[in-house]
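Observations on the model geometry
Chain by chain, the residues:
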Amino acid sequence: MTASIDVPDPVDPERAIRELRFGTQVDTQTIAEAGGGITSRNVARYIAKYVTKGGEITGLPPRRIKSLDALQHLHLPAHTERMVRVCFALDAVPAYGEVPFRRWAHMLGYRGHAATKSRRYSVTYGELRDERMAHQEDERRQAEGLPARDDREILVDAKWRFSGSGLARGEPTIVDGIRAGQETMRRIEPT
């Protein structure tokens with residue numbers, strides 16, 4: 001089945017309605033809600049579909065596309081080039097001013113991570129991050145001549161005892177000085 005939707009031109013609302021066509025698909029979903037405009041969640045889902053295919057399939061470069069003139073040298077697939085052009089067009093629409101579409105056109109307007117992983121069949125990014133931090137900590141400890149984290153002996157002193165109350169030696173003088181300064185400020189400031 002062929003999916004299409006009629007939408008007003010995002011750059012020139014006075015212009016005739018455009019028909020967007022998506023080709024033959026099994027599962028089509030609306031990314032623009034009637035009367036409510038495009039939701040960021042639905043756009044993210046649409047872009048994620050392309051992101052999960054992999055950057056090499058879309059033909060996008062790993063660097064930013066600074067101008068539309070660069071497209072003539074990139075030789076992108078037709079659909080990918082159209083999506084990049086739309087990013088540049090949407091960047092000029094005041095309603096989307098807070099979204100840096102042009103800056104992230106090389107990622108189809110999406111500025112998040114472009115890689116996905118399955119929690120079920122792969123290591124998660126959190127596990128990789130924790131492992132990297134542990135490795136860096138081990139390297140730091142070795143460079144500073146400290147024992148490895150696994151070789152550490154951890155002592156827990158579970159006995160609590162009273163060691164005193166009030167200010168430590170020398171602190172009363174500091175507190176008296178602060179109080180005197182506060183008193184002076186109260187006298188100087190008009191009430």
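Here's a quick rundown of the structure. What you are looking at is a predicted structure, and each value in this text was computed from that prediction instead of being measured. (Residues numbered from 1 in each chain as written. Predicted model: local features only at pLDDT ≥ 70, side-chain atom pairs only at ≥ 80, totals over all residues. Heavy atoms only, no water.)

Attention shifts here to the overall build of the protein. Within the protein, the regular secondary structure consists of 6 helices and 4 strands. What you see in the protein, going N to C, is helices and strands ordered as β-β-β-β-α-α-α-α-α-α. Counting over 191 residues, the protein shows a buried share of 17%. For the protein, contacts bridging at least 24 residues in sequence account for 30% of all contacts bridging at least 6. Put simply, the protein shows about 15900 Å² of open surface, and 53% of that area lies on carbon and sulfur atoms. (Helix = DSSP H or I, 4+ residues; strand = E, 2+ residues; numbered from the N terminus. Buried < 20%, exposed > 50% of the residue type's maximum accessible area, 1.4 Å probe, protein only. Contact = heavy atoms within 4.5 Å. Areas by Shrake-Rupley, 256 points an atom, 1.4 Å probe, with all protein chains shown as cover.)

With that settled, consider a positive patch on the surface. Where like charges cluster on the molecular surface, the positive patch consists of Arg64, Lys66, Arg103 and Arg111. Tracing the sequence through the fold places Lys66 in the loop between helix 2 (55-58) and helix 3 (71-74). (Patch = residues over 30% accessible without salt bridge, like charges linked within 9 Å, V, L, I, M, F, W, Y side chains within 5 Å. Salt bridge = Lys/Arg side-chain N within 4 Å of Asp/Glu carboxyl O. Lys, Arg positive; Asp, Glu negative; His and termini not counted. Charge placed at Lys NZ, Arg CZ, Asp CG, Glu CD.)

Before going further, it helps to spend a moment on the packing of aromatic side chains. By the definition in use, this model includes 0 aromatic pairs. The ring of Trp104 is capped by Arg64, whose NZ or CZ atom sits 4.7 Å from the centre of that ring. (Phe/Tyr/Trp six-rings, centres within 6.5 Å; stacked < 30°, edge-to-face > 60°. Lys NZ or Arg CZ within 6 Å of the ring centre and 35° of its normal.)

Counting across every chain of the model gives 6 salt bridges. Between Glu144 and Arg140 there is a salt bridge, with the nearest N and O atoms lying 2.8 Å from each other. Note on Arg140: relative accessible area 35%, which makes it partly exposed. Arg179 is paired through a salt bridge with Asp176; the nearest N and O atoms lie 3.8 Å apart. Residue Arg179 and its partner Asp176 are located together in helix 6 (residues 171-188), separated by 3 residues, close to a single helical turn.

Another point: the nonpolar core. Counting residues in hydrophobic clusters, the biggest one holds 12 residues: Leu60, Ile65, Leu71, Leu76, Met83, Val84, Cys87, Phe88, Leu90, Phe101, Ala105 and Leu108. The biggest single contributor to this core is helix 4 (residues 78-91), with 5 residues. Sequence-distant contacts of Phe101, that is, excluding residues within four places in its chain, are made with Cys87, Leu90, Asp91, Tyr96 and Gly109. (Core = buried A, V, L, I, M, F, W, Y, C linked by side-chain atoms within 4.5 Å.)

Here we come to the side chain of Arg141. Locating Arg141 in the fold gives a position in helix 5 (residues 125-143). By relative accessible area, Arg141 is classed as buried at 10%. Not counting residues up to four positions away in its chain, the partners in contact with Arg141 are Leu146, Pro147, Ala148, Arg149 and Arg152.

Glancing now at unusual backbone geometry. The residue His75 is not glycine, and still its phi comes out positive at about 55 degrees. Locating His75 in the fold gives a position in the loop between helix 3 and helix 4. A relative accessible area of 67% means that His75 is categorised as exposed.

This next bit is on helix 4. Taking 1.5 Å of rise per residue, 14 residues should cover 20 Å, and helix 4 covers 20 Å from first to last C-alpha, within 8% of that figure. Those residues of helix 4 not exposed but buried are Thr80, Met83, Val84, Cys87, Phe88 and Leu90. (Expected span 1.5 Å × (residues − 1).)

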